[in-house]
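Secondary and tertiary structure notes
Residues per chain are reported as follows:
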Amino acid sequence: MKEAVDPQFWSGKKVFLTGHTGFKGGWLTVWLHSMGAKVSGYALFPNTKPNLYEEARVSGLCDHSFIGDIRDLLTLRQAMNQVAPDIVIHMAAQPLVRYSYENPVETYETNVMGTVHLLEAVRTCPSVRAVVIVTTDKCYENKEWVWGYRENEPMGGHDPYSNSKGCAELITAAYRQSFFSEVNYSSHRVAMASARAGNVIGGGDWSTDRLIPDAIAAFEKKVPLLIRNPLAIRPWQHVLEPLSGYLVLAQSLYEQGVAFNGAWNFGPQDGDARTVQEVITLFIAQWNQRMGEVASWQQDHQFQPHEAHLLKLDCSKAGQYLHWKAKWSLEAAVDAIVQWHQAFQRKEDLQVLMHEQIKMYCAS
Ligand SMILES: NC(=O)c1ccc[n+]([C@@H]2O[C@H](COP(=O)([O-])OP(=O)(O)OC[C@H]3O[C@@H](n4cnc5c(N)ncnc54)[C@H](O)[C@@H]3O)[C@@H](O)[C@H]2O)c1
């Protein structure tokens, strides 16, 4: 199969990436750098220990690694203008549902005003040709139905996180219409899209309240993992899947302009929208086999705040126009994660392993 991500295109491109100190941002920095892109990141310093940014020496791969707040428009604008990027990818966010129930103001400030600031910075940075705003599958009004959501369905979001990402989508559409319109493309030359991906798993995620990081934390303490909603269905995918979608989308925006404006879903193959219970059973089997352990899980019966039970994405649009589709099965994704954490425990060079996993992904 033809490799979808085009290293020749990325070689020498200046990319301004927000959220490079996070899980997805760390992987994307490694991938972009491996193709010869000049990456400049903008984000807060990681708030977990360990974290991917330090473990994989991500700052060493950046032309600039700005430690700054997306809520600070002036500093963000100065950083972007200093870099004068060709392409902007916006991933900095408060990305956790349960944290958003406890900290709604911070979540809205970061995800809503952060997106406004990012787009304001783009308005005053004449070098930018393509912008990808990363949101989430949770931006849709969830109807708890069995069908996958399509890009033209209404925004919603029950909890502050999901809703803030629905808002980020609306902001992106409003800025596009108001300041980067198709009719004026020849004067501003900025093409802009948003990307909605499902639940991402992969090595190097230490966030709380996410299935795989919670599982690893429990197994390291030798206690069973407590699961809140074992029957909830999510579109699980390895982190490299949506990242490849963002890269293909950014290239299309850069090369072909407004034809690729709009929203894009990047989800797993249909069969990989699976229950939490199925994913964790698979993960535990591979973990126990590789690590020689007897890890297990139990249901957590304590009261839990609302989370969607059924969430699937329809990715026909990305398949049809970007020729993008998910490559790795859930089994392959889980295998890569267990391999990654084994390497972490053995204190191996994680940047090298990430390069190997990216190469393997591109070749599959
Ligand atoms: N991980 C997933 O399952 C998933 C699924 C769908 C969408 N997403 C989206 O992908 C993006 C990246 O998520 P992630 O999983 O890597 O999360 P993460 O928590 O690992 O990384 C978040 C990044 O945002 C930065 N950040 C947070 N607040 C900031 C602020 N005020 N100013 C500057 N930077 C700030 C952090 O420093 C970090 O670099 C987010 O937009 C998230 O909503 C993630």
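Structure's up top.
Residues numbered from 1 in each chain as written. Predicted model: local features only at pLDDT ≥ 70, side-chain atom pairs only at ≥ 80, totals over all residues. Heavy atoms only, no water.

Some points on unusual backbone geometry
A cis amide bond links Lys-49 with the next residue in sequence, Pro-50, at an omega value of 0°. Mapped onto the elements of the fold, Pro-50 is located in the loop between strand 2 (38-43) and helix 3 (52-55). A positive phi angle, close to 55°, is found at Arg-57, a residue other than glycine. Even without a glycine there, the phi angle at Arg-189 is positive, about 60°. One can find Arg-189 in the loop between helix 8 (185-188) and strand 6 (191-197). (Helix = DSSP H or I, 4+ residues; strand = E, 2+ residues; numbered from the N terminus.)

Quick notes on the state of the cysteines
On inspection of all chains with the given rule, the structure shows 0 disulfides. Lacking any disulfide linkage, Cys-62 is separated from the closest cysteine sulfur, that of Cys-125, by 17 Å. When its relative accessible area of 13% is taken as the criterion, Cys-62 is described as buried. Looking at Cys-139, it has no disulfide partner, and the nearest cysteine sulfur is the one in Cys-167, 11 Å off. Cys-139 gets classed as buried once you look at its relative accessible area, which sits at 0%. (Disulfide = S-S within 2.5 Å. Buried < 20%, exposed > 50% of the residue type's maximum accessible area, 1.4 Å probe, protein only.)

Some words on the side chain of Thr-21
Of note, Thr-21 is situated in the loop between strand 1 (14-18) and helix 2 (23-34). According to the relative accessible area criterion, Thr-21 is buried, its value standing at 9%. Among the polar contacts listed, one links the side chain of Thr-21 to the backbone oxygen of Leu-44, at a separation of 2.7 Å. Sequence-distant contacts of Thr-21, defined by excluding residues within four places in its chain, comprise Ala-43, Leu-44, Pro-46, Tyr-53 and Ile-67. (Polar contact = N/O pair within 3.5 Å; in protein donor to acceptor, adjacent residues only side chain to side chain. Contact = heavy atoms within 4.5 Å.)

Examining the nonpolar core
If you look at the biggest cluster of nonpolar residues, it comprises 60 residues, and the most contacted ones within it are Trp-10, Trp-27 and Trp-31. The element that contributes the greatest number of residues to this core is helix 10 (residues 240-256), accounting for 8 residues. With 25 residues, the next largest nonpolar core counts Ile-212, Ala-232, Trp-236 and Met-291 among its residues. (Core = buried A, V, L, I, M, F, W, Y, C linked by side-chain atoms within 4.5 Å.)

Regarding the pairing of strand 2
Within strand 2, 5 of the 6 residues are buried, which leaves it mostly tucked inside the rest of the structure. Sheet topology places strand 1 next to strand 2; 5 bridges connect them, and they run parallel. Looking at the pairing, Phe-16 lines up with Ser-40 of strand 2. Read as a crossover between parallel neighbours, the route from strand 1 over helix 2 to strand 2 is right-handed. (Pairing = 2+ DSSP bridges. Right-handed = clockwise from strand over helix to strand, strands pointing away.)

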